[in-house]
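Residue-level listing of the chains:
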Amino acid sequence: MIKNGKYFLPPPRDGSDFKELFRRMAAAGLGRPLGDDGFPVGPWTPERLAETISQIDSNRIGVDLRTVQLWFQENDKGISTTNIRWLARVFGCDDPVATGEWQVELSAAQSRLTAKRRERKKAGSDVALGLPDIAQPVAITGGPEFQADLMPDIGATESRRRFSLARRSEALFCQGSPLNLPASVFAGISALGFLSFILGIHNVKYARPDGIIKQVGFLWAANWIFVFMVFLPLFLAFVAELVISWKYEERPRLVRSGDLDESWHAWEHVMDASSHSFWAVFLICLLFAGIVQWIGVCLVPLIKGGGNYAIDWGKLAIVRPEIISVPMEAVFTGLAYLYMCLCFYLFFAGLILLYAIVDDLWKIGQASKNRQEMDFQRDLNDVGFWVLRSVFRCAVLGVLIATVMKLQSSYLASNGKNIVIWLVSDLSSVLYQHADVGSRFSYRLPTHYSSLLVAISTCVVFLYGTIRLDVGSRFHVSLWRMSAIMTLLVASYLLTDAFPGFSILLGVGVLLAIYGLIDPGLGRGRASDFGNHQNVS
């Protein structure tokens, strides 16, 4: 039979399970176009079937090649409800009535396959056909609706797989809503703020030995309030949005367009290759940024005194014991530093994911460089610019985080009464000279070093993205603008508190940073030729 120029057969309704039914129909070439002689052009192959399903207009995400390959193999893997719909479109030759009939037949066949599998398990003869080797686990690279095709026996395999910090960390960014992680960070700093209010250290002043009265309350600490309430949640939201779109939409599309074998170019392989980086960052953040820094900067000065550190909310018990006791201060600072080190692990994990996406996109381009089609190369450049926009956004926020950290540390050593008055005084020093301009206390400032690590790590990822990603000549102007803004932000970070009037440079950098966050394309954020991402600005 012929429907819409394609070979058609009605559903056999012979009680076959999905594997039996699919094997016969694929071999017969059901739904394939007819040749000049009026016969089907040949049987289905996994590659042809995956491409045909992905070209269906209403199928916005497509189907993963590995998923289709599992349908052809001798195993117990069935088919998800979503993919039944697309396969029925193919077998029904895009005829509404025939598609509905095939959808009913495929659903019934899948139910029979599930029933047979349960009977074998119940009878104690659970001999799975073609289960994946545990040493070489099957990579699940499609979206959540496609992962249902692999679900029947993946639980047992996954339970025996070793713990992977890289995959668990990546899952924090791409599972559920992109707002889950930012909201958790915001909730944590909000809880610390309420706790500081209860303890009475949210708004506290103390008299320094030189007579300067300084505001050192927790809610006045810019490196905590601005970083964990504003900059870091935005950073995590942008990273999560990029990872989800790359993993489930853009990456599968590019791999299919580049004729690459997804089983050898799986995103899970990229994550596994980054495992040592995640572990190194986790240990450094937990042990050094968290435990060691808390003991050296807070606990030891609270118990024994000394250390030549500037007095802040974490050491108020030394100078204002009537407000908070040493044990309570130790507990609060311990919770705060634990929260801080976990948040900074998420920050550096986000940078690793950005680096991994840039490197992955570059490798896909290299593996597909033999394809000279203009449409594919144009699409590759567009995706590259889209990724670079997200990397630029995150890099801007990373440098802002480093700047606020250094700004707070510099304020504690300055003669400003609070950080706002200090910045306003520096701004007015351009017009007239203050008597106390440039005078400061000599303290040990460990935050200067940690902020430098944040700035360097951020700039390395951005620089790597600009070098690796070929965005095409159409976006060179935007790329130069991004680089100029990043250069100005880094300069404002390095020159913070370096000369009277540094706040002017800082203000200009912040204004340009806000503009870059709103329009990361810097004039090309809504390129008409990249319709898939017009909503990502």
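Bear in mind the structure is a predicted one, so any value in this text is a computation, not a measurement.

Participant: Help me out: how do you make sense of a nonpolar patch on the surface in this one?
Facilitator: The grouping of Phe 163, Trp 279, Leu 283, Ile 284, Leu 287, Phe 288, Ile 291, Val 292, Ile 295 and Val 300 at the surface amounts to a nonpolar patch, some 880 Å² of accessible area in total. Here Ile 291 shows up in helix α12 (residues 275-304).

Participant: Looking at this structure, I do not really get helix α10 (residues 222-257). What am I missing?
Facilitator: Residues three or four positions apart in an α-helix share a direction because the helix packs 3.6 residues into each turn. The largest bend in α10 amounts to roughly 50° and is located at Trp 246. Taken across its 36 residues, α10 has 28 buried, putting it largely inside the fold.

Participant: Mind showing me how you'd approach the packing of aromatic side chains here?
Facilitator: How two aromatic rings sit relative to each other is set out by the distance from centre to centre and by the angle between their planes. Following the criterion strictly, the structure yields 25 aromatic pairs and no others. Ring centres 4.7 Å apart and planes at 40° place the aromatic pair Phe 235 and Phe 347 in the tilted group. With a gap of 112 residues between them, Phe 235 in helix α10 and Phe 347 in helix α14 (residues 326-367) connect regions that are remote in the sequence. Note on Phe 235: relative accessible area 0%, which makes it buried. The exposure class assigned to Phe 347 is buried, which follows from its relative accessible area of 1%. Between Phe 282 and Tyr 345, the ring centres sit 5.3 Å apart and the planes meet at 85°, which makes this aromatic pair edge-to-face.

Participant: Explain unusual backbone geometry here, please?
Facilitator: Trans is the common state for peptide bonds, and a negative phi is the common state for residues other than glycine. The phi dihedral of Cys 93 is positive, around 55°, even though this residue is not glycine. Structurally, Cys 93 can be placed in the loop between α4 (81-91) and α5 (96-122). Judged by its relative accessible area of 0%, Cys 93 falls in the buried class. Despite not being glycine, Asp 497 shows a phi value in the positive range, around 65°. Looking at the secondary structure, you find Asp 497 in the loop between α18 (476-494) and α19 (502-518). Since its relative accessible area comes to 24%, Asp 497 is described here as partly exposed.

Participant: Explain helix α8 (residues 165-174) to me, please; I cannot follow it from the model alone.
Facilitator: For α8, the buried fraction is high: seven of the ten residues fall into the buried class. Within α8 the residues assigned to the buried category are Leu 165, Ala 166, Ser 169, Glu 170, Ala 171, Phe 173 and Cys 174. The elements touched by buried residues of α8 are α9 (180-199), α10, α11 (267-273), α12 and α14. Two residues or fewer after α8 comes Gly 176, characterised by a positive phi angle close to 80°.

Participant: Looking at this structure, I do not really get the pattern of salt bridges. What am I missing?
Facilitator: Here the idea is simple: oppositely charged side chains can pair when their charged atoms come close. Under the defined criterion, the tally for this structure stands at 15 salt bridges. Between Arg 112 and Glu 105 there is a salt bridge; the shortest N-O distance is 3.8 Å. On the basis of relative accessible area, Arg 112 is assigned to the partly exposed category, the value being 26%. Residue class for Glu 105 comes out buried when judged on its relative accessible area of 6%. Within the structure, one salt-bridge network assembled from shared partners comprises Lys 6, Arg 89 and Asp 94.

What counts as what
- Residues numbered from 1 in each chain as written.
- Predicted model: local features only at pLDDT ≥ 70, side-chain atom pairs only at ≥ 80, totals over all residues.
- Heavy atoms only, no water.
- Patch = residues over 30% accessible without salt bridge, like charges linked within 9 Å, V, L, I, M, F, W, Y side chains within 5 Å.
- Areas by Shrake-Rupley, 256 points an atom, 1.4 Å probe, with all protein chains shown as cover.
- Salt bridge = Lys/Arg side-chain N within 4 Å of Asp/Glu carboxyl O.
- Helix = DSSP H or I, 4+ residues; strand = E, 2+ residues; numbered from the N terminus.
- Bend = angle between axes of the 7 residues up to and from the residue.
- Buried < 20%, exposed > 50% of the residue type's maximum accessible area, 1.4 Å probe, protein only.
- Phe/Tyr/Trp six-rings, centres within 6.5 Å; stacked < 30°, edge-to-face > 60°.
- Contact = heavy atoms within 4.5 Å.

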